Amino acid sequence: MKAVRGPALSSVVGPVRITIREKISVISDILRQNKTATFRSLIKTRQNRLEVVITFLAVLELIKRHWVQVSQDGLFGDIAIEVSENMLLDEEIDIEFDE
């Protein structure tokens, strides 16, 4: 008896797609609740390199817009992220930029 093969696994299960805009929203929600976070805590469950890069780009965008302040104690140290007053004043975060 011959085994019946279906489509390749890569065609059945696609990669999860997340945008910088979505990641900014997730990070913003975390910071509004906790006021602080670390970069490591934002990526602790992520194994996907692309998602780590997207998270980093989202943090950079938040820095650019002055919504967060960051600090790092040393080379390769964890990045501490703290919500700024600008983020707290903005009721609705306008995340309009080209990706």
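Scoring rules and cut-offs
- Residues numbered from 1 in each chain as written.
- Predicted model: local features only at pLDDT ≥ 70, side-chain atom pairs only at ≥ 80, totals over all residues.
- Heavy atoms only, no water.
- Helix = DSSP H or I, 4+ residues; strand = E, 2+ residues; numbered from the N terminus.
- Buried < 20%, exposed > 50% of the residue type's maximum accessible area, 1.4 Å probe, protein only.
- Contact = heavy atoms within 4.5 Å.
- Areas by Shrake-Rupley, 256 points an atom, 1.4 Å probe, with all protein chains shown as cover.
- Pairing = 2+ DSSP bridges.
- Axes fitted to C-alpha atoms, helices over the stretch in contact; angles between N-to-C directions.
- Parallel < 35°, antiparallel > 145°, perpendicular 65-115°, else oblique.
- Left-handed = near helix turned anticlockwise from the far one by under 90°.

Moving on to the overall build of the protein. The helix and strand tally for the protein stands at five helices and three strands. Going from the N terminus to the C terminus, the protein shows its helices and strands as α-α-β-α-α-β-β-α. Sorting the 99 residues of the protein into buried and exposed places 28% on the buried side. Sequence separation of 24 or more characterises 59% of the internal contacts of the protein that already satisfy a separation of 6 or more. As displayed, the protein has an accessible area near 7700 Å², and 54% of this comes from carbon and sulfur atoms.

This brings us to the side chain of T55. Relative to the helices and strands, T55 resides in helix α4 (residues 49–64). A residue is classified by how much of its surface remains accessible, and T55, at 0% relative accessible area, is buried. Beyond its immediate chain neighbours, meaning those up to four positions away, T55 contacts K23, I27, F39, L42 and I43.

What the three strands build is an open sheet, ordered β1-β3-β2; its pairing is antiparallel. One side of each edge strand has no neighbouring strand; the edge strands of this open sheet are β1 (36–38) and β2 (68–72). Ignoring which end each strand starts from, the neighbouring axes of this sheet average 20° apart. Across five bridges, the pairing between β2 and strand β3 (residues 79–83) is antiparallel. Residue pairing across strands places V70 opposite I81, the latter belonging to β3.

Before going further, it helps to spend a moment on unusual backbone geometry. With a phi angle near 70°, K35 is a residue other than glycine that sits in the positive phi range. With respect to the element layout, K35 can be found in the loop between α2 (20–34) and β1. We note that H66 has phi near 60°; this positive angle belongs to a residue other than glycine. Here H66 shows up in the loop between α4 and β2.

This part covers the packing of α2 against α4. As a packed pair, α2 and α4 sit with axes 9 Å apart at the nearest point and diverge in direction by 70°. Between α2 and α4, the interaxial angle falls into the category roughly perpendicular. Where α2 crosses over α4, the handedness of that crossing is right-handed. Where α2 approaches α4, its residues I20, K23, I24, I27 and S28 are matched on the opposing element by E51, I54, T55, L57, A58, V59, E61 and L62.

Function-wise, these values are silent; they only describe arrangement.
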